[in-house]
Amino acid sequence: MTDLSAPARDIFPEFNTIPRLFEEEVRGLPKAALARHRPEKGWGGWSISEQVSHAAWIPYLIFCVIWRETLFGDETPPHLDRTDTGGADRMLDPGRFYEMPNLLGALGDGFALGWILLGRETLGSMREKVLARDVNPDRQWATGERVIDYFEQLVAPAHKVGLRRDENDPYIFHQTFECAMRHIIWEALVHLKTIQMHKAAEGLPTGPPVSEEGYVKLLEWD
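Rules used throughout
- Residues numbered from 1 in each chain as written.
- Predicted model: local features only at pLDDT ≥ 70, side-chain atom pairs only at ≥ 80, totals over all residues.
- Heavy atoms only, no water.
- Helix = DSSP H or I, 4+ residues; strand = E, 2+ residues; numbered from the N terminus.
- Expected span 1.5 Å × (residues − 1).
- Buried < 20%, exposed > 50% of the residue type's maximum accessible area, 1.4 Å probe, protein only.
- Contact = heavy atoms within 4.5 Å.
- Salt bridge = Lys/Arg side-chain N within 4 Å of Asp/Glu carboxyl O.
- Pairing = 2+ DSSP bridges.
- Axes fitted to C-alpha atoms, helices over the stretch in contact; angles between N-to-C directions.
- Core = buried A, V, L, I, M, F, W, Y, C linked by side-chain atoms within 4.5 Å.
- Parallel < 35°, antiparallel > 145°, perpendicular 65-115°, else oblique.
- Nonpolar A, V, L, I, M, F, W, Y, C, P; charged D, E, K, R; others polar.

A. Structural view of helix H8 (residues 147-158). Spanning twelve residues, H8 covers 16 Å between terminal C-alpha atoms, matching the ideal 16 Å at 1.5 Å per step. Residues of H8 that are buried: Val147, Ile148, Tyr150, Phe151, Leu154, Val155 and Ala158. Structurally, H8 contributes buried residues whose contacts are with strand S1 (130-134), strand S2 (163-165), strand S3 (172-176) and helix H9 (177-201).

B. Main features of the pattern of salt bridges. Following the criterion strictly, the structure yields 14 salt bridges and no others. Of the charged contacts in the structure, one is a salt bridge between lysine 193 and glutamate 212, with a shortest N-O distance of 2.8 Å. Here glutamate 212 lies in the segment after H9 and lysine 193 lies in helix H9, a separation of 19 residues in the sequence. In this structure, a network of salt bridges that share partners links the residues Arg36, Arg38 and Glu202.

C. Broad picture of the sheet that holds S3. Read from one edge to the other, the open sheet built from three strands follows the order S1-S3-S2, with strand pairing classed as antiparallel. The sheet is open, and its two edges are formed by S1 and S2, each paired on a single side. Strand-to-strand twist of the sheet, defined as the mean angle between neighbouring strand axes without regard to direction, takes the value 25°. Strand direction decides the pairing type here: S1 and S3, joined by five bridges, are antiparallel. When the sheet's bridge partners are listed, leucine 131 is paired in S3 with glutamine 175. Contacts from H9 reach S2 and S3, with the element oriented near 90° to S3.

D. Region of the structure containing the nonpolar core. The biggest cluster of nonpolar side chains holds 62 residues, and the ones touching the most others in it are Phe15, Phe22, Phe63 and Met181. Of all the elements in the fold, those that place two or more residues in this core are helix H2 (18-26), helix H4 (48-66), helix H5 (68-72), helix H6 (100-118), helix H7 (123-128), H8 and H9. If you tally residues by element for this core, the top one is H9, at twelve residues. In this structure, phenylalanine 63 is in contact with Phe15, Arg68, Leu71, Phe72, Gly110, Leu113, Gly114, Leu117, Phe177, Met181 and Ile184, ignoring residues within four places of it in sequence.

E. Structural view of unusual backbone geometry. Phi at histidine 79 takes a positive value of approximately 60°, unusual for a residue other than glycine. Mapped onto the elements of the fold, histidine 79 is located in the loop between H5 and H6. Taking relative accessible area as the criterion, histidine 79 reaches 29% and is therefore assigned partly exposed. Non-glycine residue arginine 90 carries a positive phi angle of around 60°. Relative to the helices and strands, arginine 90 is located in the loop between H5 and H6.

F. Layout of the packing of H4 against H9. At their nearest, the axes of H4 and H9 sit 9 Å apart, and the two run at 175° to each other. On the basis of their axis angle, the class for H4 and H9 is roughly antiparallel. Along its contact with H4, which presents Ile48, Gln51, Val52, His54, Ala55, Ile58, Pro59, Ile62 and Phe63, the element H9 presents Phe177, Ala180, Met181, His183, Ile184, Glu187, His191, Thr194, Ile195, His198 and Lys199. A per-class count over the contact of H4 with H9 returns twelve nonpolar, six polar and two charged.

G. Main features of the pairing of S3. For S3, the buried fraction is high: five of the five residues fall into the buried class. Of the two faces of S3, the one holding Ile172, His174 and Thr176 and the one holding Phe173 and Gln175 are both buried throughout. The pairing of S2 with S3 spans three bridges and is antiparallel. Directly across from arginine 165, in S3, lies its bridge partner phenylalanine 173. Here S2 folds back onto S3, and the loop between the two strands holds six residues.

Laid out in structure tokens, this is it:
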């Protein structure tokens with residue numbers, strides 16, 4: 001039987017460990033390796049630095065924009081300015097965050113904020129917090145990918161708990177805070193594995209294999 005009184009930090013200990021995995025994976029990499037793109041690969045459109053930047057940006061987006069009212073009410077969320085991409089595609093403003101120590105610092109701060117938020121929650125309270133996500137079917141990212149396709153082909157199939165499609169509107173998804181926290185972890189794992197793919201292509205050793213959970217296993221790693 002599910003223990004709804006379980007502390008949220010016990011459910012998602014990864015918020016305390018993921019930043020270190022990124023730090024270890026990029027340690028000592030030369031600038032050329034950090035900046036290289038591999039557009040011929042499905043996973044290679046973003047460089048290693050951009051992978052870290054995206055993984056760092058996601059917690060700020062979820063906590064400070066999407067879930068802002070639920071989590072902070074009328075208060076201003078910490079690090080709200082980091083949601084500003086400076087025109088970049090779903091990552092930290094490259095005009096402010098471009099050196100790896102800065103990117104890792106922002107990544108660590110975002111996950112530390114998640115750890116603070118988890119300290120206020122239980123499994124039950126995370127499931128009680130529900131947000132309706134309205135996904136515009138015409139919205140596209142800079143890559144040309146439709147956001148609704150991302151939800152339908154990856155997000156919805158991966159999240160077996162905490163995400164459901166509205167019965168009356170196919171473009172509304174109801175998401176619990178538990179699901180949102182799990183999504184942050186899965187995003188980080190996808191981009192951590194992508195960094196390992198870049199390193200393998202460079203002939204460099206990688207860290208331990210990334211856990212095949214969430215939509216890591218739904219993606220094609222050509």
